[in-house]
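Summary of the model geometry
Residue-level listing of the chains:
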Amino acid sequence: NTYVSSSSSTTQINKNNETHLRNGECYTTTLAAHVLRNSKNNRQRQRGGGVVRHQQQQKKTTTTDEEDKDRDAIELALDSVVKIFTVSSSPNYILPWQNKSQRESMGSGFVIPGRKIITNAHVVADHTFVLVRKHGSPTKYRAEVQAVGHECDLALLPVESQDFWEGMNFLELGDIPFLQQAVAVVGYPQGGDNISVTKGVVSTVEPTQYVQGATQLMAIQIDAVINLGNSGGPAIMANKVASVAFQNLSGAENIGYIIPVPVIKHFLDGVEESGKYVRFCSLGLVCQPTENVQLRNHFKMLPEMTGVHVSKINPLADAYKILKKDDIILAFDGVPIANDGTVPFQNRERITFDYLVSMKKPNETAVVKVLRDGKECEFSITLRPLQPLVLVHQFDKLPS
């Protein structure tokens, strides 16, 4: 019995040993599987790390490409953007027989094909003489003022010196940038003597009041810093000029305005054709939106009709002999005008139809579709610049 029991016990022990061994084998197998899984996880982590590193390298490469583009734009601007020194003497309206004391001012400009420099009109306004200096050169060269357009705040300067043009690169005009596109503003701001580059993105593209001429022309708003001295410098996009810096919004931070390419081309084309500045055309109208339902019903506008109401016409404009008060302008040169006075623009944007009028050349004709007394009519109107208004200053007391 004992033996049997022992045998039984021995058998049980053997069974327990087998079970233990088997458990050990299972444990060993489980441990090996666990180690294998950890190795796979480690390899996956390493591979994942490789992906992350690859993405980081790709991102770094992308950033490097952007930096290369910026560097190319800066290198291009170094041999294109010049610093302008102006000595001016403004008229004295209180003592009209003499001018005010001379003062010095500085600005920026850039060279274009034809060996000429574009800058702002307010940079060379009331000039006595103008000097220009290129980047990295201590020499200043005399520049002449060929044309000044205070209305669009642009000026054209030729330089006769051959030494000045050695090593200079000409900048080409590009296109109107879209919203959120990046531009680099290059110039010589006050506070330093070297060239400066600020980057920003396009915020809006719409007609804006130009401070220099008190006119409404298309302008681009950007969030790049435009300091004093940056005026006349180019805003570069894809190695081409997208616009010219000219003013900022006082009391606000990082809100600057630049002159778009269509306005620049209009200015250059006028100077090339006539040899002097040619002003921008205007219909000479004061228009009112027709978003009010009662107003639309009063002028017998159908539901599908859109346009603006003519409330006043300048007697000096050619439209004064053709259009009448209370006409509804439905379209300009085949482009329908919305009830708020806007027309389609690039990238699903809208802009006031005055932009179409201002881009016309003098003595060009435009077809205007009008609703008059409930009937649709079409008229051909010759567009010309309006005569500037004469401002009369009144003073309470004149100096004795």
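A brief structural summary. All values reported here derive from a predicted model rather than from experimental measurement.

Attention now goes to the pairing of strand β20 (residues 365-372). In terms of strand pairing, strand β16 (residues 328-332) meets β20 through four bridges, oriented antiparallel. Counterpart to F332 in the pairing with β20 is V368. Counting the residues in the hairpin turn of β20 and strand β21 (residues 375-382) gives two residues, including D373, whose phi is positive at 55°.

Let's shift gears to the sheet that holds strand β6 (residues 147-149). Reading across the sheet, the seven strands line up as β5-β4-β1-β2-β3-β7-β6 and stay open at both edges, with antiparallel pairing between neighbours. Lying at the two open borders of the sheet, with one neighbouring strand each, are β5 (141-143) and β6. Mean inter-strand twist for the sheet, computed between neighbouring axes without regard to direction, equals 35°. By the bridge criterion, three bridges tie strand β4 (residues 127-134) to β5 in an arrangement that is antiparallel. Bridge pairing in β5 places V130 opposite A143. Taken strand by strand, helix α2 (residues 261-274) contacts β2 (103-112), β3 (116-119), β6 and β7 (154-158), and its axis lies near 50° from that of β7.

Below, the discussion takes up the sheet that holds strand β12 (residues 240-248). The antiparallel closed barrel is built from six strands, whose spatial order is β8-β9-β10-β13-β12-β11. Sheet twist, expressed as the mean angle between neighbouring strand axes with direction ignored, is 50°. The sheet contact formed by strand β8 (residues 182-187) and strand β9 (residues 196-210) spans six bridges and is antiparallel. Considered in β9, the bridge of A184 is made with K199. In this fold α2 packs onto β9, β10 (215-222), β12 and β13 (256-260), with an angle of close to 50° to the strand it touches most, β13.

Moving on: the nonpolar core. One finds I222, L283, L285, L323, I329, F332 and L383 to be the most contacted residues of the largest nonpolar core, which totals 37 residues. Residues A77, C152, V271 and Y277 belong to the second largest nonpolar core, which totals 30 residues.

With 14 residues, α2 should cover 20 Å at 1.5 Å per step; its first-to-last C-alpha distance of 20 Å lies within 8% of that length. When we look at burial in α2, the residues that qualify are V261, P262, V263, I264, H266, F267, L268, G270 and V271. With its phi angle positive at about 80°, G275 sits one or two positions after the end of α2.

Going through the model one piece at a time under the given rule, you end up with nine salt bridges. A salt bridge links E151 to R279; the shortest N-O distance between them is 3.8 Å. Here E151 is found in the loop between β6 and β7, whereas its partner R279 is found in the loop between α2 and β14 (285-289), with 128 residues between them in sequence. One continuous salt-bridge network, built from bridges that share partners, spans K83, R133 and D193.

Turning our eyes to something else, we now look at unusual backbone geometry. With a phi angle near 55°, A238 is a residue other than glycine that sits in the positive phi range. By the element assignment, A238 lies in the loop between β11 (234-237) and β12. Residue N239 is not a glycine yet carries a positive backbone phi of 65°. For N239, a relative accessible area of 38% corresponds to the partly exposed category.

Below, the discussion takes up the packing of aromatic side chains. According to the stated counting rule, one finds six aromatic pairs in the structure shown. Where F164 meets W165, the ring centres are 4.9 Å apart and the plane angle is 80°; that geometry is what we call edge-to-face. With relative accessibility at 6%, the residue W165 sits in the buried group. Aromatic pair F267 and Y277: ring centres 5.9 Å apart, planes at 40°, arrangement tilted. Separated by ten residues along the polypeptide, F267 in helix α2 and Y277 in the loop between α2 and β14 bring together distant segments of the chain. Looking at F267, the relative accessible area reads 0%, which means it is buried. These aromatic residues form a ring-pair network of at least three members: Y141, F164, W165 and F170. Above the ring of F85, the side-chain terminus of K140 is found at 4.0 Å from the ring centroid.

Calculation notes
Residues numbered from 1 in each chain as written. Predicted model: local features only at pLDDT ≥ 70, side-chain atom pairs only at ≥ 80, totals over all residues. Heavy atoms only, no water. Pairing = 2+ DSSP bridges. Helix = DSSP H or I, 4+ residues; strand = E, 2+ residues; numbered from the N terminus. Axes fitted to C-alpha atoms, helices over the stretch in contact; angles between N-to-C directions. Contact = heavy atoms within 4.5 Å. Core = buried A, V, L, I, M, F, W, Y, C linked by side-chain atoms within 4.5 Å. Buried < 20%, exposed > 50% of the residue type's maximum accessible area, 1.4 Å probe, protein only. Expected span 1.5 Å × (residues − 1). Salt bridge = Lys/Arg side-chain N within 4 Å of Asp/Glu carboxyl O. Phe/Tyr/Trp six-rings, centres within 6.5 Å; stacked < 30°, edge-to-face > 60°. Lys NZ or Arg CZ within 6 Å of the ring centre and 35° of its normal.

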